[in-house]
Amino acid sequence: MKDFLKGLWGQHPVFRQLLGMCPTLAVTTSALNGISMGLAVIFVLFFSSLVVSLIKKIVPNQVRIAVYTVIIATFVTIVDIFFKANFPQISRALGPYIPLIVVNCIILGRCEAFASRCSVAKSLLDALGMGLGFTWGVFLLGSIREVLGMGTILGFQIMPQGYNHLIIMILPAGAFIVLGLLIALMNRIEER
Amino acid sequence: MKEVIKIISVLTIVCLVCGFLLSFVYSGASEKIESNTKKAISDAIANLAPFAENIEEIKLGEKIAYKLFDKTGNLTGYAFIAEGQGYQGKIKMLAVIDINLEILEGIEIIESIETPGLGARIQEEFFRKQFQSLSVLPQITYTKDIPENSNQIKAITGATVSSKAVVNILNKRIKELSTHF
């Protein structure tokens with residue numbers, strides 16, 4: 001249970017370990033993009049951890065990173081094809097970021113640091129925890145930026161009419177600002 | 001030596017398994033992806049040329065164009081696909097042009113992998129809008145300042161290469177088209 005929970009808060013991949021910054025900052029222009037990215041990462045992380053944990057004994061140490069990368073790339077390509085076939089809109093919005101999950105350091109990091117050393121069950125719990133942690137992180141980030149920048153959440157208008165859109169929140173600078181504030185907030189809560 | 005053989009065999013097996021898995025998934029999904037692209041094209045035509053009631057596909061050499069007919073059956077323009085190299089990869093777009101191949105009705109980007117936040121902004125309305133009623137004679141040009149002529153667009157700040165690519169791809173394709181009609 002500890003392996004699952006630590007990804008949600010104590011060792012949160014985005015706010016604590018500061019892993020996967022590229023997708024975190026780049027795709028969180030809206031809540032929906034955040035969720036889609038999060039789900040894609042959960043899928044890839046779950047199956048990569050499963051496979052890596054299963055074959056950890058037969059993979060020679062010298063080529064382990066190469067093997068992990070091939071496995072991760074395979075699952076990422078599956079996700080990419082799946083989105084293209086079933087959700088072309090989202091696939092377009094996420095653009096090159098789906099293929100870039102290959103180099104998302106959360107996944108390689110968890111495979112190397114955890115799945116290649118622990119039992120299958122523990123690795124799966126770890127992958128789910130980290131994946132869900134990442135998802136709520138990017139969803140929160142995306143929601144805040146969407147509300148402030150566009151006045152909507154998941155496409156629904158929530159800010160009153162005449163609300164002055166803070167366009168900077170949608171731009172890259174907004175991602176850094178919100179991320180910084182969220183990390184500060186999290187540190188503050190931890191301190192108490 | 002034994003170690004080397006183990007390394008090679010593990011890598012080979014992993015790659016083979018992954019390769020088979022991918023080709024299996026792809027063959028299952030390729031049909032759907034193709035129909036999605038087709039739908040994106042017909043949506044784009046409907047968007048750019050609301051007057052088009054009837055669309056006829058024509059083959060020009062290896063490439064495809066579309067004849068657009070209005071309600072009364074008159075030929076009112078053409079739609080065509082233009083693709084070429086952008087900054088990071090292929091840019092594929094659909095454009096609608098008048099019957100004399102002189103004035104663009106507009107463009108839609110079907111596919112591109114330009115840099116998000118910079119080159120990817122060619123998909124945004126403010127950029128695409130510049131191609132509405134744009135003269136293509138003698139050819140489309142771009143500027144980094146305020147456009148002066150009816151055949152000029154303003155390149156996106158920080159993404160001149162992508163903007164230039166869109167212009168060049170269109171120019172090249174329109175030239176090709178003019179040899180057919």
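Throughout, a residue's number is its position along its own chain's written sequence, starting from 1. Lettering of chains starts at A and numbering of ligands starts at 1, both following the order in which they are written. Confidence filtering applies because this is a predicted model: local features only for residues at pLDDT of at least 70, side-chain atom pairs given and counted only at 80 or more, and all residues used for totals across whole chains, interfaces and linings.

Trainee: Give me the lowdown on the overall build of chain A, citing residues and values where you can.
Mentor: Helix and strand content of chain A: eight helices and two strands. As defined in this context, the radius of gyration uses C-alpha atoms, and a globule is described by 2.2 Å times the residue total to the power 0.38. Against the compact-globule benchmark of 16 Å for 192 residues, chain A has a radius of gyration of 17 Å, which places it among compact chains. For chain A, the spread of C-alpha atoms along the principal axes amounts to about 60 × 45 × 25 Å. Throughout, a pair of residues is in contact if the C-beta atoms placed from their backbones lie within 7 Å. Long-range pairs, those at least 24 residues apart, make up 75% of the contacts in chain A with a sequence separation of at least 6. Secondary structure elements follow DSSP: runs of H or I no shorter than four residues count as helices, runs of E no shorter than two count as strands, and numbering proceeds from the N terminus.

Trainee: Tell me about the overall build of chain B, and name the residues and values.
Mentor: A count of helical and extended segments in chain B gives three helices and eight strands. Reading chain B from its N terminus to its C terminus gives the helix and strand order α-β-β-β-β-β-α-β-β-β-α. Taken over the C-alpha trace, chain B has a radius of gyration of 21 Å; the compact-globule value for 181 residues is 16 Å, which it surpasses by more than 25%. Principal axes of the C-alpha set define a box for chain B whose edges measure 75 × 40 × 30 Å. The buried share of chain B, taken over its 181 residues, is 28%. Taking all contacts inside chain B whose residues are at least 6 apart in sequence as the whole, residues at least 24 apart take part in 45%. The exposure scheme places C-beta atoms from the backbone and then counts, for each residue, the other C-beta atoms within 10 Å of its own, assigning buried at 20 or more, exposed at 12 or fewer, and partly exposed in between.

Trainee: Which residues make up unusual backbone geometry, and what values do they have?
Mentor: All names here are of chain B. Following Leu 137, the chain continues to Pro 138 via a peptide bond in cis, the omega torsion being -10°. Inspection of the secondary structure assignment puts Pro 138 in the loop between strand E6 (134-135) and strand E7 (141-143). In this structure, Leu 101 is a non-glycine residue whose phi angle is positive, near 55°. Of note in the backbone geometry, Ser 133 takes a positive phi value of approximately 55° without being a glycine. With respect to the helices, strands and loops of the structure, Ser 133 is situated in the loop between helix H2 (125-128) and E6. The class for Ser 133 is exposed, based on 12 C-beta atoms found within 10 Å.

Trainee: Tell me what's going on with helix H7 (residues 120-150) of chain A, and back it up with residues and numbers.
Mentor: Multiply 1.5 Å by the residue count of a helix minus one, and that product is the helix's expected span. Its 31 residues give H7 of chain A an end-to-end C-alpha distance of 43 Å, which sits within 8% of 45 Å, the value for a rise of 1.5 Å per residue. A positive backbone phi angle near 75° is found at Gly 151 of chain A, which sits one or two residues after H7 of chain A.

Trainee: How would you explain the packing of helix H3 (residues 31-54) of chain A against helix H6 (residues 105-115) of chain A if you had to name every residue and give the values?
Mentor: Residue and element names in this part refer to chain A. Here H3 crosses H6 at 30°, and the two axes come no closer than 10 Å. On the basis of their axis angle, the class for H3 and H6 is roughly parallel. Crossing of H3 against H6: the hand is right-handed. Side by side, H3 and H6 meet where Val 41, Val 44, Leu 45, Ser 48, Ser 49, Val 52 and Ser 53 of the first sit next to Ile 106, Ile 107, Arg 110, Cys 111 and Ala 115 of the second. Amino acids are sorted into nonpolar (Ala, Val, Leu, Ile, Met, Phe, Trp, Tyr, Cys and Pro), charged (Asp, Glu, Lys and Arg) and polar (every other residue, Gly among them). Of the residues contributing to the contact of H3 with H6, the split by class is eight nonpolar, three polar and one charged. Here, axes are lines fitted to C-alpha atoms. For helices the fit covers the stretch in contact, and angles between N-to-C directions go from 0 to 180 degrees. Small angles under 35 degrees read as roughly parallel and large ones over 145 as roughly antiparallel, with 65 to 115 read as roughly perpendicular and the rest as oblique. In this scheme the handedness of a crossing depends on how the near helix is turned from the far one: anticlockwise by less than a right angle means left-handed, clockwise means right-handed.

Trainee: Could you give me a rundown of the pairing of strand E1 (residues 54-60) of chain B, with the residues and numbers involved?
Mentor: All names here are of chain B. The element E1 is barely covered by neighbouring structure, given that only zero of its seven residues are classed as buried. Two strands qualify as a pair provided DSSP detects at least 2 bridges between them. Strand direction decides the pairing type here: E1 and strand E2 (residues 63-69), joined by seven bridges, are antiparallel. Counterpart to Ile 58 in the pairing with E2 is Ala 65. Here E1 hands over to E2 after two residues, with Gly 61 in that stretch at a positive phi of 65°.

Trainee: Summarise the interface of chain B and chain A; cite the residues concerned and give the values.
Mentor: If you look at the interface, chain B gives 21 residues, while chain A gives 21 residues. When the residues that make up the side of chain B that touches chain A are grouped by side-chain class, the tally is 16 nonpolar, two polar and three charged.

Trainee: Which residues make up the packing of helix H4 (residues 64-86) of chain A against helix H1 (residues 2-48) of chain B, and what are the values?
Mentor: Packing of H4 of chain A against H1 of chain B brings their axes to within 9 Å, and their N-to-C directions diverge by 5°. The orientation of H4 of chain A with respect to H1 of chain B, classified from their angle, is roughly parallel. In this structure, H4 of chain A uses Ala 66, Val 67, Val 70, Ile 71, Thr 74, Thr 77, Ile 78, Ile 81, Phe 82, Lys 84 and Ala 85 of chain A to contact H1 of chain B, whose residues at the interface are Val 10, Leu 11, Val 14, Cys 15, Cys 18, Leu 21, Leu 22, Val 25, Tyr 26, Ala 29, Lys 32 and Ile 33 of chain B. By residue class, the composition of the contact of H4 of chain A with H1 of chain B is 19 nonpolar, two polar and two charged.

Trainee: Outline the nonpolar core, listing residues and values.
Mentor: Counting 45 residues, the largest nonpolar core has Val 41, Val 44, Ile 71 and Val 79 of chain A as its most contacted members. Elements supplying a minimum of two residues to this core: H3, H4, H6, H7 and helix H8 (172-191) of chain A together with H1 of chain B. The element contributing the most residues to this core is H4 of chain A, with eleven residues. In contact with Val 41 of chain A, not counting residues within four places along its chain, are Ile 101, Asn 104, Ile 106, Gly 131 and Phe 134 of chain A. Any nonpolar core is a set of buried residues, restricted to Ala, Val, Leu, Ile, Met, Phe, Trp, Tyr and Cys, that join up through C-beta atoms within 7 Å. Within the second largest apolar cluster, 37 residues are counted, among which are Ala 65, Tyr 66, Ala 82 and Leu 104 of chain B.

Trainee: Kindly report on the environment of Lys 6 of chain A, identifying the contributing residues and their values.
Mentor: Structurally, Lys 6 of chain A is set in helix H1 (residues 2-8). The spatial distance from the C-alpha of Lys 6 of chain A to the C-alpha of Leu 182 of chain A is 18 Å, given a sequence separation of 176 residues.

Trainee: Describe the sheet that holds E6 of chain B, with residues and values.
Mentor: Residue and element names in this part refer to chain B. Judged by pairing direction, the sheet is antiparallel, and its six strands sit side by side in the order E1-E2-E3-E4-E5-E6 without closing on themselves. Every other strand in the sheet has two partners, leaving E1 and E6 as the edge strands with one partner each. Relative to strand E3 (residues 75-85), E2 is paired through five bridges, and the arrangement is antiparallel. Paired with Lys 67 across the two strands is Tyr 78, which belongs to E3. Relative to strand E5 (residues 103-111), H1 is tilted by about 150°, and along the sheet it contacts E1, E2, E3, strand E4 (90-98) and E5. Each of E1, E2, E3 and E4 touches helix H3 (residues 160-180); the most contacted strand, E3, lies at about 130° to it.

Trainee: Mind laying out the confidence of the model for chain B, listing which residues take part and the relevant values?
Mentor: Values of pLDDT, which run from 0 to 100, indicate the predictor's confidence residue by residue. Looking at chain B as a whole, its pLDDT mean stands at 87, while 99% of the residues score no less than 70. Confidence estimates for the predicted assembly give a pTM of 0.75 and an ipTM of 0.77.

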